[in-house]
Structure formats: C-alpha cells, structure tokens
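Now for the letters of each chain:
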Amino acid sequence: MAATPIQTPAEQALAALYPAERTSLPGTADVIAIRDAAFGGVEKSGLPHRRVEDWKYTDLRARLKTFPPAAGPADVARVLIAAPAVDDDKARRLVIANGRYRPELSDLNGLEPGLSVFSLAKALEAGDADVLAALKLEDAIATNTAVALNTAFMTDGLVIVVADDAVIERPLELVHIAEGEPAASTAVRHLVTVGKGAKVTLIETVESLDTVAHHSNVMTVINVGEGAAVDHIRLQLEPDEAVSLTSLVAKIGQGASFDTFNAALGASLARAQIFAEFTGRDARAGFRGVTMLNGRRHADTTLFLVHGAENCRSRELYKAVIDDEARSVFAGRIAVPSHAQKTDARMMTASLLLSEEAEADAKPELEIFADDVQCGHGATCGAIDDDLLFYLLSRGIPKTEAESMLILAFLGEAIDEIQNQAVHDALIHRVEGWLKARSA
Amino acid sequence: MLEIKNLHARVGGREILKGLTLTVNPGEVHAIMGPNGAGKSTLSYILAGKDDYEVTDGEVLLNGQSILDLAPNERSVAGLFLAFQYPIEIPGVATMTFLKAALNAHRKAKGDKELTTPEFMKLVKGVAEKLNITSEHHLGHAEAAGQRRLLRRREEARRDHADGAVAAGDLHPR
C-alpha cells in the first residue's frame, strides 16, 4: 500500500505555483501539454529524497525549504550596471535577466554568418516544430526532478543554431542575472545546435544581484554535430543564500570534440547535472569542474555519461575544496553498452577538506557491457598535506598564504584545462578572492 | 648565536632527546653525527618547529630569544631554517611562485620592499647564472628533475652562504 506522501512546504508552494502560472507561461497548447506532463510527474512522486538513488546525498525534499514565486521582469538599469563576471571584450554577451532573454541588453551586432540566436519564448509561442521536437527528451532525463521543473516553468532562453562548418570566433557568453527582492524563482532553457564541423565556445555565468534566496534553474541542451568542436564553461557565482539547479544535456556526434567545465562557487544548495552521450564513434569529451564550499553550503555534481559509440575517449576530473561544515557530492556514472568497443574513459574526483566537519561524498559508478574497453575511476579525499605545508612554512611563508598556495595548486590541475583565457583568469580571480576571504 | 639548553623532546609518546645542550656561535659550522635513530632529524625538526614534536623540557634561544613558541615561518624569517636533504616537490606550485613567496616573506619581515615579478625574475636570472644553471632548465617551467636540481643547488647555496644564520640539517652521507 503506497502511503500518500506528506507534502513539505516547498512541495505545497510548487503545487500552488504551477496552476497559477500555467497559462501565463509562454507556449501553445502543445507546450502546455508538455509542461503539464512534466509537472504531473513531479507532483506524483514529490521532491526526491535520500532513498531515491540519484539524490541519495542531496536530499532535495529535506533541503529545499521553500519554492519562491516566479520572478517578475528585471530592473534593466540594475542589470546594465552589473559588473561582468568575465572580463572579455571578445565575447558576445547575451543577457537573460530574471528568466527573460533581453536582446536590448545583448550584443547582437554583426552576428557571424552561420550563427543564429533567437528567443525560446517566441519559438514556444509560435509553436515552432523544431523547437517542440527539441523539448522531447528520453524518459531518464525528462523525469529528473530538476529537468521536469525546468520544463514546467521555463519562461525563456536562447535557441542557438550554428550552421555546418561555421567557425564562431567570438565566444558566446550567456549571462544569467537574477535581480530584485524578495526571493524569486527562474527557469531558463537553452537549445543549442552545432552543425557538422562547426566550432563554438559557450560561456555561461549564473549570478544574482541580491543576497536573497533566489532559486534558479538553468538547463542547456547541446547537440554537437559530426566533427564539431564545442567548448562549454559555466561559472555558477550565486550568492550564498541562493539555490542553483543546472542541467546540461549533450549529444556528441561522430568525431566531435566536446569539453564542459563547471565552477560551483556559490549558492547554499547547488546541483549541477550533466547528461551526456556519445552518439557517434571516434569522438572525445572532457568533463571537468571545481567546487568551493564553506559555511553550511552544499554542492552536488552529478554526471551521467553514456559512452554509446565505438572508440570514444572521455576524461572526467572534478575537484572540491570544502571548509567549515560544508558538504560536496560527486556522483559520476559511466555506462558502456556492449557495442561501444575501444571505449577509453578515466574519471577522477578529489576533495580537499579544510576542516574537521567538512564532508565529501564520492560515488563513481561504471556499467560496462563491452569487453574491449579502458575505463578507470579514482577518488581521493584528504586534508592539506602537513609535510608540504611545513616545507612552505619553513621557508618563511606565513601559514594562510602557504595554505592558499596549496589549495590553488590543488584546483589548478582542473582549472588549467580551461582553454578560454578570459574565463580562466576570471575563475582564478574568484578563487583568489575566496581564499583571501577565508584567511581574513 | 644559537643556544640549545637541556632539550628534552618526545614524538609519538617516545622520548627521543634526553637533555641536549649545544651552543653554536656565529660563523661556526657544526656537524651532528650519529647512528640511525639517534635523534638528528628530531633535533632538526624541533628547531624548525614541525608539528607533532613535543618539547618537554629545556629551551632554545636564537640570538638570546626563545624560539619555541614561534611558528616555523617566524623562525625562518628570524634566521633559522631547515635545509632539506631532498627538497619536496609541490605538485602544481611553480618553483618561481614558491621562491618568490619565500623571498618576499623574508623581505617583508626585514622591512624591505617586496619584489615584483619582473624584479624577481631578474634576480633569479642573475643567481642562476652564478650557479651555472643554464636557460635549458627553463626556470619557470622546469621539468620535475630540473626543479629538484635547482632547489637542491639553492639549498646548498644557502648552506654555504648562511651569513650569520645557522643552518641545521640532516647530515647523512650523500
């Protein structure tokens, strides 16, 4: 006999929010049907809790105290004066403020040939067949709670198409800004299609201008065409009060090259999910990230990778620095179906614990059905090495500076893989700021 | 001047030093020899201030001032440091970053202006030439072996030219 789940305040808020928003959200009747199905699933199962394996260490039901109402339009003046998170004149900034794409705040001058950028909300309103088709996801992804909530509540986002063989020199910087009080929720969906042999860099920044418990849900779906090269980097820079859910869905075509990097530097509760799949042979991909946590913050990185084709190579490297009573979670699952011979995957996660109460949970899972594969995983968890620290101290370097050097060196292995220099520097700058605040 | 008076120390509950007294005057070089387990390393680590070594009795004075309550970096800038027999490689920390931080910590303690990166690189180049470390070591990005070699030469140089400061170190035969 199935017991009726007792609703938490967050579940009650969601149950009240969806019917109120349902018809004012953009989209035709077909879109509403997709939203209804997604929300119905969440309502039926409730928020996932620790007995749901994929959320074992991030009990959303217990951790999500409330679910704030949908954000209204942003104050453009405040968004305009916000300092850019990445100092890169070259990047083309595309601004999504309070869940709405703002072309008037975005740099659309001289779009490269082969690049098109338009609003998801408009496509949903118009019932664009390609966009509707792109909303359909396989069940395992569609029923994931963060994804389903995104589908139910998405207000806007970017539909980006890069034509075959187009090389987009200027990185696209998707700037997500939440603004205003009291706390509000946003849900944004991006659909990115990169054609055969095309090349593009996508940077995402996610931040809020106010230190309130904003709740942001950003989902990016990328189709990497045959032989294409896509570099994706996300900097999650939310204030310590915020809740940040991000999902990345990547389909990686034959002979393509895909890299994604996630820096989780903010939010009280953060979950970065990656659903990636090799759909064609001879492709390669890199999945990397860093997490920095203090106070009682919680950050989760969950990777589901299907090595679904022959002779594909992937590298996974996630590093976390955890202070105070914070908790970092890494779950990485790599599935190798029986036909995916010559698969080469190496997954590594390492955590540096800076206090007695800090916690790191690592859960690597390999499901291998092919017999000619190289698939390895490793996890380490430890404190700063006393011998290294003593060596630096014995050379006159003060303790806090010595610790900072060692922490930066620990993260450097992952950060130095970022190819985009401006993002690399912006991230190092943030890390140094974090370290400075820690030793103050 | 370094004065060690009646030093007793234990590590992991075992008493290693049982009343060591030694005075090292400026300009003197002392070698401490003994079989394995005699306490040579323990003495070095205690003087340098490593954690886990408990001084149970006695005192250590550097130029008349007790150093036992100082942190290792404070002892270092006061002029007492441990020259490691095998300098540790620190994964991810560039040798130049490390050397610059160490030098500037000492300069700061002395009240000298800290060196900027270009000033520091110029200094390094000069020192490297004196020590016959040619550019093929690519100072900034030296491979591990090169870094170790550079660090060891630096340690040796410091030991040889320990002007006024006292270098305490392991003296195992190489």
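Predicted model only: the values in this text are computed from it and were never measured. (Residues numbered from 1 in each chain as written. Chains lettered and ligands numbered in written order. Predicted model: local features only at pLDDT ≥ 70, side-chain atom pairs only at ≥ 80, totals over all residues. Heavy atoms only, no water.)

Points about helix α2 (residues 29-45) of chain A
Residues and elements named next belong to chain A. Formally: The helix count covers DSSP runs of H or I at least four residues long, the strand count covers runs of E at least two residues long, and both are numbered beginning at the N terminus. Take the number of residues in a helix, subtract one, and multiply by 1.5 Å to get its expected span. Remark: exposure states derive from per-residue accessible area (1.4 Å probe, protein chains only) relative to the maximum for the residue type, with buried under 20%, exposed over 50%, and partly exposed in between. The directions from the helix axis to the C-beta atoms form the arc being described. We call two residues in contact whenever any of their non-hydrogen atoms come within 4.5 Å of each other.
Along its 17 residues, α2 runs 24 Å from first to last C-alpha, staying within 8% of the 24 Å computed at 1.5 Å per residue. Burial in α2 covers these residues: Val31, Ile32, Ile34, Arg35, Ala38, Phe39 and Val42. Taken down its axis, α2 places every buried residue within 160° of arc, on the same side. Turned more than 90 degrees away from the buried face of α2, the exposed residues are Ala29, Asp30, Ala37 and Lys44. Tucked inside the fold, the buried residues of α2 contact α1 (9-21), α5 (120-126), α6 (129-135) and α8 (145-153). Immediately beyond the C-terminal end of α2, within one or two residues, lies glycine 46, with a positive phi of roughly 75°.

Some details on the sheet that holds strand β4 (residues 158-162) of chain A
All names here are of chain A. Heads up, the rule is: A pair of strands counts as paired when DSSP detects no fewer than two bridges linking them. Throughout, an axis means a line fitted to C-alpha atoms (over the contacting stretch in the case of helices), and angles, computed between N-to-C directions, take values from 0 to 180 degrees.
The strand order across the open sheet formed by 9 strands is β3-β4-β6-β8-β10-β12-β14-β16-β18, and the pairing between neighbours is mixed. Two strands lie at the open edges of the sheet, namely β3 (115-119) and β18 (359-368), each paired on one side alone. In this sheet, adjacent strand axes meet at a mean angle of 10° when their direction is disregarded.

Quick look at the interface of chain B and chain A
Where we set the bar: Accessible-area loss on putting two parts together, using a 1.4 Å probe and summing over both, is the definition of buried area adopted here. In what follows, salt bridge is the name for a side-chain nitrogen of Lys or Arg lying within 4 Å of a carboxyl oxygen of Asp or Glu. For the purposes of these results, a polar contact is taken to be a pair of N or O atoms within 3.5 Å, where, inside protein, one atom must be able to donate a hydrogen and its partner to accept one; residues adjacent in sequence count only when each atom of the pair is a side-chain atom. Under the convention adopted here, Pro, Cys and the residues Ala, Val, Leu, Ile, Met, Phe, Trp and Tyr are nonpolar, Asp, Glu, Lys and Arg are charged, and Gly plus all remaining residues are polar.
Counting from both sides, the interface comprises 29 residues of chain B and, opposite them, 16 residues of chain A. In total, chain B and chain A occlude about 1,800 Å² of area from one another, counting both sides; carbon and sulfur atoms represent 71% of this. Run the count over chain B and chain A and you get 1 salt bridge. Across the pair lysine 50 of chain B and aspartate 387 of chain A runs a salt bridge whose closest N-O atoms are separated by 3.0 Å. Our count for the chain B to chain A interface comes out at 6 residue pairs in polar contact (both at pLDDT 80 or more). Broken down by secondary-structure element, the contributors of at least two residues to the side of chain B that touches chain A are α1 (40-48), α2 (72-78), β5 (80-83), α3 (95-110) and α5 (144-160) of chain B. At 6 residues, the largest contribution of residues to the side of chain B that touches chain A is made by α3 of chain B. When the residues that make up the side of chain B that touches chain A are grouped by side-chain class, the tally is 18 nonpolar, 6 polar and 5 charged.

A short note on the nonpolar core
Residues and elements named next belong to chain A. What counts is decided by this rule: The definition of a nonpolar core used throughout is a set of buried Ala, Val, Leu, Ile, Met, Phe, Trp, Tyr and Cys residues joined through side-chain atoms within 4.5 Å.
The biggest cluster of nonpolar side chains holds 55 residues, and the ones touching the most others in it are Phe261, Leu411, Ile415 and Leu427. Among the elements that take part in this core, helix α10 (residues 399-415) stands out by supplying 9 residues, more than any other. Setting aside chain neighbours within four positions, we find leucine 427 in contact with Leu235, Phe261, Ala263, Leu265, Val290, Ile415 and Ile418. Counting 45 residues, the second largest nonpolar core, distinct from the first, contains Val162, Val194, Ala276 and Leu303.

Concerning the packing of aromatic side chains
All names here are of chain A. Under the convention used in this document: To pair, rings of Phe, Tyr and Trp, with the six-membered ring standing in for Trp, must have centres within 6.5 Å; the planes then decide the type, stacked if under 30 degrees apart, edge-to-face if over 60, and tilted in the middle.
Per the counting criterion, the structure on display carries 10 aromatic pairs over all chains. For the ring pair tyrosine 18 and phenylalanine 39, a centre distance of 4.4 Å and an interplane angle of 15° mean the geometry is stacked. Taken as a pair, tyrosine 18 in helix α1 and phenylalanine 39 in helix α2 lie far apart in primary sequence, 21 residues in all. Looking at phenylalanine 39, the relative accessible area reads 4%, which means it is buried. Consider the rings of phenylalanine 39 and phenylalanine 153, whose centres lie 5.9 Å apart with planes at 85°: the pair is edge-to-face.

Comments concerning the pattern of salt bridges
Residue and element names in this part refer to chain A. All told, the structure shown has 34 salt bridges over all chains when counted by the stated rule. Of the charged contacts in the structure, one is a salt bridge between arginine 22 and aspartate 36, with a shortest N-O distance of 2.7 Å. Placement of the pair is arginine 22 in the loop between α1 and α2 and aspartate 36 in helix α2, with a sequence separation of 14 residues. The exposure class of arginine 22 is partly exposed, given its relative accessible area of 28%. With a shortest N-O distance of 2.7 Å, arginine 170 and aspartate 107 are connected by a salt bridge. Here the residue arginine 170 occupies a position in the loop between β4 and β5 (172-178), and aspartate 107 occupies one in the loop between β2 (100-101) and β3, the gap between them amounting to 63 residues.

Section: the sheet that holds strand β9 (residues 229-236) of chain A
Residue and element names in this part refer to chain A. Here 10 strands make up an open sheet; going across it, the order is β2-β1-β5-β7-β9-β11-β13-β15-β17-β19 and the pairing mixed. Looking at the sheet topology across the chains shown, the edges are occupied by β2 and β19 (374-382). Pairing of strand β1 (residues 92-97) with β2 involves 2 bridges; the strand directions are antiparallel. Opposite alanine 97, over in β2, you have arginine 100 as the bridge partner. Strand contacts of α10: β11 (257-264), β13 (284-293), β15 (313-322) and β17 (344-353), with the helix running at about 155° to β15, the strand carrying the most contacts.

By themselves, these are just geometric observations and shouldn't be taken as functional.
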